[in-house]
Structures are given as C-alpha cells and as structure tokens.
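Inside the fold
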Amino acid sequence: MTVFSAADFSNHEQVVFVQDAETGLKAIIALHSTALGPAAGGCRMWRYASDEEAIRDALRLSKGMSHKNAMADLPLGGGKSVIIAPEGSYDRQALLRAFGRAIHSLGGRYITAEDVGTSVADMLVIRQETPHVSGLSTEPGKGGDPSPYTALGVYSGIKASVRHKLGKDSLEGLTVAVQGLGNVGRHLCAMLHKDGAKLIVTDIAQDRVQAAVEAWGAKAVGLGEILSVEADVLAPCALGAVLTAETIAKLNVSIVAGAANNQLATAEDGERIRQRGILYAPDYVINAGGIIAVSHEILNQFEEPVVIAKVEAIGARLAGIFAQADKEGLSTATVADRLAEEKIAAARKKNAATTKAA
Ligand code: NAI
C-alpha cells in the first residue's frame, strides 16, 4: 500500500500507528499541522472494513481539523485519531488507557476529544494516562460535551444559509431534512423545531427516529430516502462522504448545511453542488462550534457567554464565504479551503521566521 503518495496524504506532518497487543488497541493518530498550535481533534472509534479505510479516515479528518481550527481563528493545529474497534469482547478501559499512553508519548503535540463512537466517559479514562485530552464534563469549569455547541453553530449556519439563498430571516415554515439523530442531530432538531421549522428525519436507530416524531412532530423517512427528499435544507449529521456525484444529482433542496465531517466524497463535489444551484455550507466551517468550546477548555478560558458568541459568529463567517464564492464564481468549498490554507501557510512562515531569528 502507498503512504506518502496516497491521495489523502497532503502535507501531513506526522502519522503515528499504535498497536498494543495486550489490550487489542490498533489506532492511528494523524497530525496534519501544528503550525497554529498543538494539533487538536477528536478520537473516532469505528469498526473499519479495512486498515486502508481507517488510514483514509484519519488523514482526511485530520486535514479537516486543520482547516476547521484555522477558519475558526483558533490557536490550534489539526489532528485526528481513529481507533479500529476490536472484533468480539474486549476491555474498553484498558484499551483506552493504552491509547492515552500513546497520546502522552507525543508530548502535547496532539490533544484529543470525543468523536463518533467515543464519549465523555471515555475521555475521562484517557485522562488517567495523559493531560492532553479535553471534553471532560465532570471537571469544574470545563465545557464538557461539545455536541450542543456544534449544534448551535450548525443552527447559526443554517440561518445564515437561508438568509443568503432564500432571502429569509426566519426558519418558520421551512423544511429541514436531518440525517442522523445523534448527539448533534438531536440538539439541532430541538432548535429548528423551536423556530417553527418542519423536520424530516432518519437514523439507523429507530428509537431515535421515534423520539423525534413524538417530540417535534418530525416526518420519518427511510435511510435511503433522506438525501433526495424535497426540503429547503438538508442537514447531514451522521457520517461523512454522503455527497457524491450520484447523491448530488438527486438532491431536492436549496441548501446543504449540516454537522457531519467530510461531507464531500471528492474534491470535485463542491463544484458539482454549485452547478446544481445548491448552496453548500462548508462542513468544517459550519461544524466548528464543538472545537471552539473545546479550545476554550484547553486554554482554561471557558466562559459560556464568550463561547456562545464565538459559536454564533459561525453564521457571519459563512456569509463572508458565500459572498466571496458568488463574487468569484467558485464553489464555497474551494473558497473555504483557500482561506484555511492561507492562514496555515502564514503561520508556518511566521514560525519559520521566528526559529531563524532565534
Ligand atoms: P453520534 O454518533 O452521536 O450520532 C450519529 C448518528 O448518526 C447516530 O444516531 C447514528 O445512528 C446515525 N447514523 C449513522 N449512520 C447513518 C446513516 N447512514 N443514516 C442515518 N443515520 C445514521 O455523532 P454526533 O456527535 O452527533 O456527530 C454527528 C456528525 O457530526 C459526525 O459526522 C461527526 O464527526 C460530526 N461532528 C460532531 C461534532 C460533535 O461535537 N459531536 C463536532 C464536529 C463534527
């Protein structure tokens, strides 16, 4: 298998492969960039079909974090880790502690947090081995689970998208299709419902769908239907790579704005969406609410009103990207990537100059 020439290897600074035979841990920690600060990004635990799939996920997600942290103007670089969930039974605590030791060996170059398949409880286990972990709700003065902040950022982003694309200041009467009713999707639905939006939902977990139908009068559709239902907004809040040539051709919405990381399957898909006249809110810009909250925790500056104001500013940041994309006739994804890369390159240059001067 190729490594440095792999399609998703794009200037990553360091990729660490971790194995602990005793606990069954197999993990990949990818550090895309530490130019702006320590590489921060969550830990995903998933039953990957192959090692290649896990590596690809780690590489893509860590680059996404670099872009996300840069675009949110945080003093953080980008990284991500994936744990390949073992087959059969295993001691989760022992496995996570082994993972914590691996993070610790990086000396603070990587800071982890929750992601799909890991929880606050898991982070507390990792904390027993290393201080380089965030998202710990039981510690006083800490922000805890970042999902509500992610949902708030997505909600602000949906409102900005609706303003830009539909010229409306309210979500009243609009329909939003939400794919995935997990930690983020559920909080998002509650906010949208409060604003008078109609919801169409789906999830693998039927109990979550049922709860959404009961709590918010949501319309439930099948897993295969959500990407083509007629709605004003599609909010992907499950896993990545949902926007492909095939699914984009069938989209029946004006706006795609949701929490999932890496929504575009390929680099060309941002342009495909633009050509269909659909407004796409770049995923790592709209879903930065969680990392904004986490960064305040990491820097020991967690003050809820300040964090909320910064998360709500995601709407204005997106509005700027939308306007720039319109002006240049480019996809919103291209404009966001360019802005993020410019910020990282400027930080690299500054660091190099400082090192030289020293
Ligand atoms: P979660 O694991 O709590 O929820 C994901 C939900 O999607 C689950 O209910 C799952 O059953 C459902 N799901 C999985 N595959 C599906 C499919 N094919 N169709 C329909 N539903 C499906 O995850 P969480 O925390 O809500 O995150 C959602 C997305 O947002 C993920 O892509 C995550 O990487 C991203 N994200 C989350 C952040 C956070 O603060 N939790 C921060 C930034 C991004």
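Each remark here, short or long, concerns the structure printed above.
Residues numbered from 1 in each chain as written. Predicted model: local features only at pLDDT ≥ 70, side-chain atom pairs only at ≥ 80, totals over all residues. Heavy atoms only, no water.

**With respect to the packing of aromatic side chains**
- Under the definition given, this model contains two aromatic pairs.
- With a centroid separation of 6.0 Å and an interplanar angle of 75°, the aromatic rings of Y149 and F302 are classed as edge-to-face. Of this pair, Y149 sits in helix α4 (residues 147-166) while F302 sits in the loop between α10 (289-298) and α11 (304-312), and the two are 153 residues apart along the sequence.
- Judged by its relative accessible area of 19%, F302 falls in the buried class. (Phe/Tyr/Trp six-rings, centres within 6.5 Å; stacked < 30°, edge-to-face > 60°. Helix = DSSP H or I, 4+ residues; strand = E, 2+ residues; numbered from the N terminus. Buried < 20%, exposed > 50% of the residue type's maximum accessible area, 1.4 Å probe, protein only.)

**Focus on the site of the ligand**
- Residues in contact with the ligand amount to 23 residues; listed here are only the nearest, T150, V184, D203, R208 and A238.
- Within the side chain of D115, an N or O atom sits 3.5 Å from an oxygen atom of the ligand.
- Interatomic distance of 3.3 Å between a backbone N/O atom of A259 and an oxygen atom of the ligand.
- When the ligand sits alone it has 820 Å² of accessible area, and the protein chains cover 84% of it.
- In terms of residue class, the shell around the ligand is built from ten nonpolar, eight polar and five charged. (Near = heavy atom within 4 Å. Polar contact = N/O pair within 3.5 Å; in protein donor to acceptor, adjacent residues only side chain to side chain. Areas by Shrake-Rupley, 256 points an atom, 1.4 Å probe, with all protein chains shown as cover. Nonpolar A, V, L, I, M, F, W, Y, C, P; charged D, E, K, R; others polar.)

**Structural notes on the environment of T2**
- Tracing the backbone through its elements, the reader meets T2 in the segment before β1 (14-20).
- A relative accessible area of 47% means that T2 is categorised as partly exposed.
- With 161 residues separating them along the chain, T2 and R163 place their C-alpha atoms 45 Å apart.

**Quick look at the sheet that holds strand β12 (residues 279-280)**
- The six strands are arranged β9-β8-β7-β10-β11-β12 in an open sheet whose pairing can be described as parallel. Only two strands of the sheet have a single neighbouring strand rather than two, namely β9 (219-220) and β12.
- As judged from the four bridges shared by strand β7 (residues 175-179) and strand β10 (residues 233-236), these two strands associate in the parallel manner. Among the inter-strand pairings, Q179 is bridged to a residue of β10, identified as P236. (Pairing = 2+ DSSP bridges.)

**Re the environment of V162**
- With respect to the secondary-structure elements, V162 resides in helix α4.
- The spatial distance from the C-alpha of V162 to the C-alpha of S254 is 8.8 Å, given a sequence separation of 92 residues.
- In this structure, V162 is in contact with G167, K168, S170, L171, L174, V233 and I255, ignoring residues within four places of it in sequence. (Contact = heavy atoms within 4.5 Å.)

**Some words on the nonpolar core**
- Counting residues in each nonpolar core, the largest one holds 57 residues, and the members touching the most others are I158, V178, L188, L192, L199 and V201.
- At seven residues, the largest contribution of residues to this core is made by α4.
- Apart from residues no more than four positions distant in its own chain, I158 is found in contact with L171, L188, L192, V233, A235, A257 and I286.
- Counting residues in each nonpolar core, the second largest holds 24 residues, with M45, L96, L106 and V133 among its members. (Core = buried A, V, L, I, M, F, W, Y, C linked by side-chain atoms within 4.5 Å.)

**Looking at the state of the cysteines**
- A full pass over the atoms with the stated rule returns zero disulfides.
- Free of any disulfide, C237 has its nearest cysteine sulfur in C189, 7.5 Å distant.
- The class of C237 is buried, set by a relative accessible area of 11%. (Disulfide = S-S within 2.5 Å.)

**Considerations on unusual backbone geometry**
- Non-glycine residue D73 carries a positive phi angle of around 60°.
- Of note, D73 is situated in the loop between α1 (51-71) and β5 (77-84).
- Although it is not a glycine, A241 sits at a positive phi angle of roughly 55°.
- Within the fold, A241 resides in the loop between β10 and α7 (245-250).

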